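Spelled out from the first residue to the last, the chains are:
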Amino acid sequence: MHQNNWQKSSFSSSSDNCVEIRTADGLIEVRESDDGELILRTTATSFADLLRSIKADALDHHL
């Protein structure tokens, strides 16, 4: 069952250039607001690990 309400960060304001997330069938779905057809699906654990890495600046070496 999809939760049809995509959520985006409050930092995005009214911009259409942001990342949106929702839950669907026990997974986390992630998409860019300007390319809604491409959806990344992952587990809640993997998504939480990604967020922790981003907050810890652990991915900066990939820039």
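Each remark here, short or long, concerns the structure printed above.
Residues numbered from 1 in each chain as written. Predicted model: local features only at pLDDT ≥ 70, side-chain atom pairs only at ≥ 80, totals over all residues. Heavy atoms only, no water.

Q: Just checking my understanding: could you explain the pattern of salt bridges for this structure?
A: Within this structure, the stated rule accounts for 4 salt bridges. Among the ionic pairs, Arg41 bridges to Glu29, the shortest N-O distance being 2.8 Å. Of the two residues, Arg41 is situated in strand 4 (residues 35-42) and Glu29 in strand 3 (residues 27-32); the sequence distance between them amounts to 12 residues. On the basis of relative accessibility, which here comes to 49%, the residue Arg41 falls in the partly exposed class. When salt bridges that share partners are traced, they join Arg22, Glu29 and Arg41 into one network. (Salt bridge = Lys/Arg side-chain N within 4 Å of Asp/Glu carboxyl O. Helix = DSSP H or I, 4+ residues; strand = E, 2+ residues; numbered from the N terminus. Buried < 20%, exposed > 50% of the residue type's maximum accessible area, 1.4 Å probe, protein only.)

Q: Is there a simple way to think about the sheet that holds strand 3 in this case?
A: Note on sheets: strands pair through backbone hydrogen bonds, and any given pair is parallel or antiparallel. The sheet built from 4 strands is open, its strands ordered 1-2-3-4 with antiparallel pairing. Unpaired on one side and paired on the other, strand 1 (7-8) and strand 4 mark the two borders of the sheet. Here strand 3 pairs with strand 4 via 4 bridges, running antiparallel. If you follow Glu32 over to strand 4, its bridge partner there is Asp35. (Pairing = 2+ DSSP bridges.)

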